[in-house]
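Results of the structural survey
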Amino acid sequence: MPDVFTKAKRSEVMSCIRSHGNAATELRLVKWMREAGITGWRRQLSLSVKASKIKRFKVRPDFVFRRERVAVFVDGCFWHACPRHATRPKQNRKFWDAKIERNQKRDLLVTRELRKAGWTVLRLWECALTKKRQASTLARLRRVLGKQ
């Protein structure tokens, strides 16, 4: 079915949509952590990171364990190009390739700068939040938190 909007109008409409991550996968991790008794985390907490001697920027990990200085990001397989499950749209491929590449570069920058600031960064793929991989994902999180 063809789009009812012009290309310019669709772009305008889509630019107005703001999101705070993939709620379904993040909420699944919340449920798992609660069931496993993992505490001390906060969601969507801003961290200020120094990217150079002058420039600072805000980072918003999906979960922050302040006491342990651990930042957890849940990366969507599409948006961050999971090596196992990423798909590439056939329409407007040049745009999507550039968009996903920017996401990956930003992820590297954020991870590097948080680590320089003394944080441990854990990036979980969306596909790691399946029932089949629950035990291994929680074990990985516990290891990073030092809560074997």
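How each quantity is defined
Residues numbered from 1 in each chain as written. Predicted model: local features only at pLDDT ≥ 70, side-chain atom pairs only at ≥ 80, totals over all residues. Heavy atoms only, no water. Pairing = 2+ DSSP bridges. Helix = DSSP H or I, 4+ residues; strand = E, 2+ residues; numbered from the N terminus. Axes fitted to C-alpha atoms, helices over the stretch in contact; angles between N-to-C directions. Contact = heavy atoms within 4.5 Å. Buried < 20%, exposed > 50% of the residue type's maximum accessible area, 1.4 Å probe, protein only. Salt bridge = Lys/Arg side-chain N within 4 Å of Asp/Glu carboxyl O.

If you walk across this open sheet you meet the four strands as 1-4-5-6, and the pairing is mixed. Edge positions in the sheet fall to strand 1 (41-43) and strand 6 (120-125), since each of these pairs with one other strand and no more. Strand-to-strand, the axes of this sheet are offset by a mean angle of 20°, without reference to chain direction. Packing against the sheet, helix 3 (residues 93-116) makes contact with strand 5 (70-75) and strand 6, and its axis sits at approximately 150° to strand 6.

In this section: the pairing of strand 3 (residues 56-59). What you see with strand 3 is a clean split: Phe 57 and Val 59 sit on the buried side and Arg 56 and Lys 58 on the side with no burial. In terms of strand pairing, strand 2 (residues 47-50) meets strand 3 through four bridges, oriented antiparallel. Across the sheet, the residue bridging to Lys 50 is Arg 56, located in strand 3.

It is worth spelling out the pattern of salt bridges at this point. Throughout the structure, instances matching the rule amount to eight salt bridges. The residue Arg 123 makes a salt bridge to Asp 107 at a minimum N-O spacing of 3.8 Å. Here Arg 123, found in strand 6, pairs with Asp 107, found in helix 3; they are 16 residues apart in sequence, far enough to count as distant. Among the residues examined, Arg 123 registers a relative accessible area of 19% and is labelled buried. According to the relative accessible area criterion, Asp 107 is buried, its value standing at 11%. Note that Glu 113 is salt-bridged to Lys 116, the shortest N-O span being 3.5 Å. Here the residue Glu 113 and the residue Lys 116 both occupy positions in helix 3, the gap between them amounting to three residues, near one helical turn. For Glu 113, a relative accessible area of 4% puts it in the buried group.

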